[in-house]
Amino acid sequence: MVPEPGRRSHDRLPSPPEHRPQPSPPESVLTEGLESLEGHLEEAEDLWEGIDADRDELPDAARMGPTLLEDAADRYQKLLGSTPDSSALSSLRMAHGYAGYAIGGGRVVRGETDARGLVDRGEEIRSEIDALRETIEYRADDPATDVAFLYWIERPLHFARLNSHRSGIYTGGVSAADDYRDYDIPRTWEAHLQASVHVLESRHAYREHEADTGTDGHSFEAPLETLFERFDEEIERTRQTYEERAELLEPLAEGPYRHARFQCWQFTHGDLDRAFDDGPTTGLDLLQTIRHARNVLKLRAYPDALERFAFEEGEEPDPALVYQEEKRAATRARDAVAEHDTPLFRLLVDDAMRLLRAGDIGLPGDDPARARADSYVYYLIGRAQLRHANDVYQTILTALE
């Protein structure tokens, strides 16, 4: 019997290797974060004191405030004494966000919105991010380890920049105070407090990294710029436009084959991470370069996957075909990680591993053929990325060593 996608036969089919590219946060992040959260909870409780949270006339923008305040307080209690790991850090960010929403909601109720103050606070957050980024040195003694660690240090600053804007959404500029509506107030407070945790995470992680490595290692700032330009040129040369996609798909009849071909394009082109002028990734050179490297993998995977497409228009992928592709993808993943079990390689192939796991989970639905087509594409594109991962990995190491 061949299992359907999402029904793995564990005794017959090798699973992709355990994949945890992100290191655990320093314990000091959780300690300082809980102190910060406690203060914000007190502020929110003071704002809501004496307010009937159940009254019908409570503004729509504030109605979730009391519920989220309870959730934030509950998370605070559960985080006390917890182990500092990625799950605890995520919960800490969420608790700050909930507390922030409660603060903003309480201010809406009391008529103390102060949109100008939120604009100023957003500027302060961005200035704090810029100052912190200036302290981060691109130095590596062992690029296969240090480059990945520095990426995870820099990455939270990107999310902090996003969250510094109105409602945590970047639209190409800074919103003026007059642009804020009541519903923006709690959302922006939520985003700002989450930004504070991202900045805290980055600062403490870099301190720990400095303490571990000191001033050892060589600077790779100049070769990093050259590497970015090299990847950028390849992306611009090989990526297809939406118009080209339409030309490829238009002749195809609706059905599993057309859907699979669309998904192949979508997973390799549709979500390309692009840096843009004055955007949230500006100045985060390592983050941009690693994203470019992963995008190069996606684009190289596209023609590779199409060459290996094993069913044609008018057909649908049967369970045996999906099962065989799953076996090949899992074996490729195990072999790749066994060959390069380093933080940088795991970071590089993270998208591919996510695709393999997405194919394994599967989604129940009314169209089994479409579900099989999805799983088939997940495995096909993931395996194609892994096939090219060694070359991109060696390119990075050669450039930055």
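This one's a predicted model, so the numbers in the text were calculated from it and none came from an experiment.

**Q** Give me the environment of Leu386: which residues, what numbers.
**A** The topology assignment puts Leu386 in helix α14 (residues 368-400). Exposure remark for Leu386: the relative accessible area of 4% places this residue in the buried category. When the C-alpha atoms of Leu386 and Leu297 are compared, they prove to be 8.2 Å apart, with 89 residues separating the residues in sequence.

**Q** Break down the confidence of the model for the chain for me, with residues and values.
**A** Residues at a pLDDT of 70 or more form 91% of the chain, whose mean pLDDT is 89. Mean pLDDT values over the elements of the chain span from 83, in helix α13 (residues 350-361), up to 97, in helix α4 (residues 115-135). In this model, residues 1-14 is a region of pLDDT below 50 whose contacts with residues beyond four sequence positions or in other chains number 33 contacts.

**Q** Residues and numbers for the nonpolar core, please.
**A** Ranked by internal contacts, the top residues of the largest apolar core, which has 74 residues, are Phe220, Leu286, Phe309, Leu344, Val392 and Ile396. Per element, the largest residue contribution to this core is 15 residues, and it comes from α14. Among the nonpolar cores identified, the runner-up in size contains 38 residues, and Leu47, Ala95, Tyr98 and Val109 belong to it.

**Q** Go over helix α11 (residues 319-339) with me, naming the residues and quoting the values.
**A** Because an α-helix packs 3.6 residues into every turn, residues spaced three or four apart end up facing the same way. For α11, built from 21 residues, the straight-helix expectation of 30 Å at 1.5 Å per residue is met to within 8% by its first-to-last C-alpha distance of 30 Å. Those residues of α11 that sit buried are Leu321, Val322, Tyr323, Glu325, Glu326, Ala329, Ala330, Ala333, Ala336 and Val337. Here α11 starts with a cap whose side-chain oxygen sits 3.1 Å from the backbone nitrogen of Ala320, and that cap is Asp318.

**Q** Give me the lowdown on helix α2 (residues 65-79), citing residues and values where you can.
**A** The end-to-end C-alpha distance of α2, which contains 15 residues, comes to 21 Å, matching closely the 21 Å that a straight helix rising 1.5 Å per residue would cover. Listed in full, the buried residues belonging to α2 are Gly65, Pro66, Leu68, Leu69, Ala72, Tyr76 and Leu79. Taken around the axis of α2, the buried residues stretch over an arc of 165°, which confines them to a single face. The exposed residues of α2 that point more than 90 degrees off its buried face are Glu70, Gln77 and Lys78. In this structure, the buried side of α2 is in contact with α1 (27-48) and α3 (86-110). Looking one or two residues beyond α2, the residue adopting positive phi is Gly81, at roughly 80°.

**Q** Outline the environment of Ala177, supporting the account with residue identities and numerical values.
**A** Its place among the elements puts Ala177 in the loop between α5 (143-163) and α6 (184-213). The sequence separation of Ala177 and Asp114 amounts to 63 residues, and the corresponding C-alpha distance is 8.5 Å. Ignoring anything within four residues of it in the chain, the contact list for Ala177 reads Ala115, Arg116 and Val119.

**Q** Let's hear about the pattern of salt bridges: which residues, and what values?
**A** Tallied over the full model, the rule gives 26 salt bridges. Taking the shortest distance from any N to any O, the salt bridge between Glu123 and Arg126 comes out at 3.3 Å. Residue Glu123 and its partner Arg126 are located together in helix α4, separated by 3 residues, close to a single helical turn. Exposure remark for Arg126: the relative accessible area of 12% places this residue in the buried category. Notably, a salt bridge pairs Asp351 with Arg294, separated by 3.2 Å at the nearest N-O pair. Linking Asp351 in helix α13 with Arg294 in helix α10 (residues 285-307), this pair joins segments that are 57 residues apart in sequence. For the pair formed by Asp351 and Arg294, the shared burial category is buried. Each of Arg294, Lys298, Asp350, Asp351 and Arg354 takes part in a single network of salt bridges with overlapping partners.

Cut-offs and rules
- Residues numbered from 1 in each chain as written.
- Predicted model: local features only at pLDDT ≥ 70, side-chain atom pairs only at ≥ 80, totals over all residues.
- Heavy atoms only, no water.
- Helix = DSSP H or I, 4+ residues; strand = E, 2+ residues; numbered from the N terminus.
- Buried < 20%, exposed > 50% of the residue type's maximum accessible area, 1.4 Å probe, protein only.
- pLDDT = per-residue confidence, 0-100.
- Contact = heavy atoms within 4.5 Å.
- Core = buried A, V, L, I, M, F, W, Y, C linked by side-chain atoms within 4.5 Å.
- Expected span 1.5 Å × (residues − 1).
- Polar contact = N/O pair within 3.5 Å; in protein donor to acceptor, adjacent residues only side chain to side chain.
- Arc of directions from axis to C-beta.
- Salt bridge = Lys/Arg side-chain N within 4 Å of Asp/Glu carboxyl O.

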